[in-house]
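Coordinate analysis (summary)
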Amino acid sequence: MAQTPSDGRDASRPAAVPVPRTGAPHPVPAAGSRAAAEARLAEALRTGPFPEALRAGLAARGLALHRVRHRLAQRGIHVGVTSLSYWQRGIRRPDRPESLRAVSALEEVLELPEHSLTRLLGPRAAADHPVGRPFRVLVGPGSAVERLLAELEAPRDVGLHTVLQYERVEIDARRRLAAREAQHVVRAHRDGIDRYVAIHCGERGSDTGAVRVLGLDSCRVGRVRRAPDAGVVVAELLFDARLAVGETAVLRYRFEDGTGEPSNEYFRGFTYAGGSYALQIAFDRAALPVRCRRFGRPSAQVPPEYVADLTLNAYGTVHVMEPAVRPGHVGVGWDWE
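Residues numbered from 1 in each chain as written. Predicted model: local features only at pLDDT ≥ 70, side-chain atom pairs only at ≥ 80, totals over all residues. Heavy atoms only, no water.

Observations concerning the environment of Glu265
For clarity, the cut-off: Under the DSSP-based scheme used, a helix requires at least four consecutive residues in state H or I and a strand at least two consecutive residues in state E, with every element numbered from the N terminus. Exposure classes here rest on a 1.4 Å probe applied to the protein chains alone. A residue is buried below 20% of its type maximum, exposed above 50%, and partly exposed in between.
If you trace the backbone, Glu265 turns up in strand E9 (residues 265-270). Residue classification places Glu265 among the buried residues on the basis of a relative accessible area of 19%.

Considering the confidence of the model for the protein chain
Operational definition: The pLDDT value expresses, per residue, how confident the predictor is, ranging between 0 and 100. Between two residues, a contact is recorded if the distance between any of their heavy atoms is within 4.5 Å.
On average, residues of the protein chain score 84 in pLDDT, and 84% of them reach the 70 mark or higher. Mean pLDDT across the elements of the protein chain ranges from a minimum in helix H6 (residues 123-126), with 48, to a maximum in strand E5 (residues 212-217), with 98. Between residues 6-29, whose pLDDT stays under 50, and residues either more than four places distant or in other chains, the model counts 70 contacts. Low confidence marks residues 124-128, where pLDDT is under 50. Its contacts with residues over four positions away, or in another chain, come to nine contacts.

A closer look at helix H5 (residues 97-109)
Quick reminder of the rule: Expected helix span is given by 1.5 Å per residue-to-residue step, counting one fewer step than there are residues.
Compared with an ideal rise of 1.5 Å per residue, which puts 13 residues at 18 Å, H5 spans 18 Å between its outermost C-alpha atoms and is within 8% of the ideal. The buried count for H5 comes to twelve of 13 residues, which makes it a mostly enclosed element. Where H5 is concerned, the buried positions are Glu98, Ser99, Leu100, Arg101, Ala102, Val103, Ser104, Ala105, Leu106, Glu107, Glu108 and Val109. Trailing H5 by a residue or two, Glu111 shows a phi angle of about 55 degrees, which is positive.

Quick notes on the nonpolar core
Under the convention used in this document: Here, nonpolar core means buried Ala, Val, Leu, Ile, Met, Phe, Trp, Tyr and Cys residues that are tied together by side-chain atoms lying within 4.5 Å of each other.
With 30 residues, the main nonpolar core has Phe50, Leu72, Leu84, Trp87, Leu106 and Leu117 as its most contacted residues. Here Leu72 is in contact with Ile77, Val79, Leu84, Ala102, Ala105, Leu106 and Val109, once residues within four sequence places are set aside.

What about the packing of helix H3 (residues 65-74) against H5?
Convention followed: Helix axes use the C-alpha atoms of the stretch in contact, all axes being lines fitted to C-alpha atoms, and the angles between their N-to-C directions lie in the range 0 to 180 degrees. Between 65 and 115 degrees an angle is taken as roughly perpendicular, under 35 as roughly parallel, over 145 as roughly antiparallel, and anywhere else as oblique. Amino acids are sorted into nonpolar (Ala, Val, Leu, Ile, Met, Phe, Trp, Tyr, Cys and Pro), charged (Asp, Glu, Lys and Arg) and polar (every other residue, Gly among them).
Running from amino to carboxyl end, H3 crosses H5 at an angle of 105 degrees, the nearest separation of the two axes being 10 Å. Comparing the axis directions of H3 and H5 gives the class roughly perpendicular. In this structure, H3 contributes Val68, Arg71 and Leu72 to the contact, and H5 contributes Ala102, Ala105, Leu106 and Val109. The class makeup of the residues in the contact of H3 with H5 is six nonpolar, no polar and one charged.

Notes on the environment of Arg40
Here Arg40 is to be found in helix H1 (residues 31-47). Considered as a pair, Arg40 and Ala60 are 20 residues apart in the sequence and their alpha carbons are 8.5 Å apart.

Notes on the side chain of His184
Convention followed: Nitrogen and oxygen atoms within 3.5 Å of one another constitute a polar contact, given that in protein one can donate a hydrogen and the other can accept it, and given that sequence-neighbouring residues count only through two side-chain atoms.
Within the fold, His184 resides in strand E3 (residues 177-188). Among the polar contacts listed, one links the side chain of His184 to the side chain of Thr162, at a separation of 2.9 Å.

Digging into the pattern of salt bridges
As a reminder, the rule being used: Within this document, salt bridges are pairs made up of a side-chain nitrogen of Lys or Arg and a carboxyl oxygen of Asp or Glu, the two lying within 4 Å of each other.
This model, assessed by the stated rule, comprises 23 salt bridges. With its nearest N and O atoms 3.9 Å apart, the salt bridge here joins Arg225 to Glu151. Here Glu151 lies in helix H8 (residues 144-151) and Arg225 lies in strand E6 (residues 220-227), a separation of 74 residues in the sequence. Here Arg294 makes a salt bridge to Glu322, at a shortest N to O gap of 2.3 Å. Here Arg294, found in strand E11 (residues 291-297), pairs with Glu322, found in strand E13 (residues 317-322); they are 28 residues apart in sequence, far enough to count as distant. Shared partners join several salt bridges into a network, and the residues in it are Arg168, Glu170, Glu181, Arg212, Arg252, Arg254 and Glu256.

Quick look at the sheet that holds E13
Cut-off, in case you're wondering: Only when DSSP finds a minimum of two bridges between them are two strands counted as paired.
In spatial order, the strands read E5-E8-E3-E2-E10-E13; together these six strands make up an open sheet with mixed pairing. A strand with exactly one partner marks an edge of an open sheet, and here the two such strands are E5 and E13. Sheet twist, expressed as the mean angle between neighbouring strand axes with direction ignored, is 15 degrees. Where E3 meets strand E8 (residues 248-256), nine bridges bridge the pair, whose relative direction is antiparallel. Within the sheet, the bridge partner assigned to Ala182 lies in E8 and is Tyr253.

Below, the structure is given as structure tokens:
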């Protein structure tokens, strides 16, 4: 199953707005003009400003604003056509956290390089607050995870995002998720942060009461909440000092489980873009899968997209590496027979 960090949760949704005339469809460029449109787009992305780059991206892809709004909504980002129109005309600037999430998602919708639009907004938007995606998109609305986080009174934005993470998942001889251990570097984008919230999702039939949470290095376990019906455990990992904006913390922690049914996948969810992530799956030599595949997806509502086969090494492990994660899920699935 999945373990999803709670950093950067934000379920806020802007109110609906009327559709302006500027939402009329852009003409699809003819074959002869596509090269010119792509050239204008490349130049706008290189030199800016942001409104010009956004207009060029819309024109090159032949997308109307209402279609862009729909594709953003499929990714859990809700922004009105009026706001999109104001952005492309330079009337308003996307500065708020939810607006920055929309700009990051626009890069996906318009098939643009990562950060190509956000960097044009300048250091205030691109650096002060990382661009993320609503947390409920990763886990689905009304999930047990959200319920437990509410019990801990965790804010929508806990103020931390991943800089670097290595995670090792151990599958035992009975094909169960025995344990997982993470070494995690996080950076604060708000002042006064003194804890990280870690989430463990066990397999069907897991006994959450038997799951152990260990703070191994530079953190100690605080409050722990469990949802036996969903196999979810949420734990606070407390730092020894409060972090200021820009400060980092290195922590190592471990969940020990081994109580559920056989496992056939593991993934981690990211709400913020940026940072590096390495995932290693270690199988017991007595029970090796016959196939392993890497997958990703932008949200819990989208089926996983398998992108590559993975080969077990001599030690019974496979791994994936993401040098710059995007909001969504990164994972490995495997078949036993």
